[in-house]
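Listed below, chain by chain, are the residues.
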Amino acid sequence: MTAEVAGPVPDTLKIVVAGGFGAGKTTLVSALSEVESLHTEEVMTAESVGTDDLVGVEDKTTTTVALDFGRITLDESTVVYLFGTPGQRRFSYMWEELARGALGAVVLADTRRLTDSFDVIDFFEERRVPFVVAVNCFDGQRTHRAEDVRVALDLEDPVPLLLCDARSRQSAKEVVVELVELVLRWELSGA
């Protein structure tokens, strides 16, 4: 007995959504995913006191401990899988696993905690993974100009930097489109 094949197996692409603690990674994956996204959110406990810095995100009560996962079907032959990383440095071993085989990455930055972005940017630069930086404008607030954030992060000109609202599907889609365009430019240039 042979199994029937329903059609061609779609090509799959992997995009990593990374950033500091509380930057909005889970929210961005949820906004983009066409299916209910998977989250490994856990309630923060007393054990996190002294370990997790809540400055700027004092109202945060949960944290991603492994990953967020979502899916976008572009067409019948192409599916994009989204993998959101945990934000705290103590979970950075997951970054390596989640970045393996990635087309590229979105580094979500929060201007309330901009220094959290440095380790993440260094991570993708060292591995030569194409990435864009998306500054999450919480509650529609755009308190910093994109060029000022670029200077603060010491980003080189080829790295795209966008302002976005991680809650908005349209805004999140614009970030992913920019990433795909960057990857195509890298491929065409032979980088």
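In short, a report on the structure. (Residues numbered from 1 in each chain as written. Predicted model: local features only at pLDDT ≥ 70, side-chain atom pairs only at ≥ 80, totals over all residues. Heavy atoms only, no water.)

Some words on the packing of helix α1 (residues 25-32) against helix α5 (residues 169-189)
- α5 packs onto α1 with a crossing angle of 95° between their chain directions and a minimal axis gap of 9 Å. Accordingly, the angle class assigned to the pair α1 and α5 is roughly perpendicular. Residue-level contacts link L28, A31 and L32 of α1 to R169, A172, K173 and V176 of α5. (Axes fitted to C-alpha atoms, helices over the stretch in contact; angles between N-to-C directions. Helix = DSSP H or I, 4+ residues; strand = E, 2+ residues; numbered from the N terminus. Parallel < 35°, antiparallel > 145°, perpendicular 65-115°, else oblique. Contact = heavy atoms within 4.5 Å.)

What about a negative patch on the surface?
- Where like charges cluster on the molecular surface, the negative patch consists of D122, E125, D154, E156 and D157.
- Within the secondary structure, D157 sits in the loop between α4 (146-153) and β7 (161-164).
- Classification of D157 as exposed rests on a relative accessible area of 66%. (Patch = residues over 30% accessible without salt bridge, like charges linked within 9 Å, V, L, I, M, F, W, Y side chains within 5 Å. Areas by Shrake-Rupley, 256 points an atom, 1.4 Å probe, with all protein chains shown as cover. Salt bridge = Lys/Arg side-chain N within 4 Å of Asp/Glu carboxyl O. Lys, Arg positive; Asp, Glu negative; His and termini not counted. Charge placed at Lys NZ, Arg CZ, Asp CG, Glu CD. Buried < 20%, exposed > 50% of the residue type's maximum accessible area, 1.4 Å probe, protein only.)

A look at the pattern of salt bridges
- Going through the model one piece at a time under the given rule, you end up with 10 salt bridges.
- With a closest N to O distance of 3.0 Å, R100 and E97 form a salt bridge.

With respect to the packing of aromatic side chains
- Under the counting rule described, the total for this entry stands at five aromatic pairs.
- Residues F124 and F131 carry aromatic rings whose centres are separated by 6.3 Å and whose planes lie at 35° to one another, so their mutual orientation is tilted.
- One aromatic cluster is present, built from ring pairs that chain together W95, F123, F124 and F131.
- Here the basic side chain of K14 rests over the ring of F83, its NZ or CZ set 5.0 Å away from the ring centre. (Phe/Tyr/Trp six-rings, centres within 6.5 Å; stacked < 30°, edge-to-face > 60°. Lys NZ or Arg CZ within 6 Å of the ring centre and 35° of its normal.)

Topic: unusual backbone geometry
- With a phi close to 55°, R128 is a non-glycine residue in the positive phi region.
- Looking at the element boundaries, R128 is found in the loop between α3 (116-126) and β6 (131-136).
- Overall, R128 belongs to the exposed group, its relative accessible area being 53%.
- Despite not being glycine, D154 shows a phi value in the positive range, around 55°.
- Relative to the elements of secondary structure, D154 occurs in the loop between α4 and β7.

What to know about the layout of surface pockets
- Reported here for the second largest pocket is a volume of approximately 260 Å³.
- Lining the second largest pocket are 12 residues, and of these E125, F131, P158, V159 and W186 lie nearest its centre.
- At the level of secondary structure, the elements contributing two or more residues to the lining of the second largest pocket comprise α3 and α5.
- Taken together, the residues of the lining of the second largest pocket sort by class into nine nonpolar, no polar and three charged. (1 Å grid on protein atoms, 1.4 Å probe; cavity = no way out; pocket = protein on both sides within 12 Å on 5 of 7 lines; lining within 4 Å. Points joined across faces, edges and corners; volume = space filled by probe spheres on them. Nonpolar A, V, L, I, M, F, W, Y, C, P; charged D, E, K, R; others polar.)

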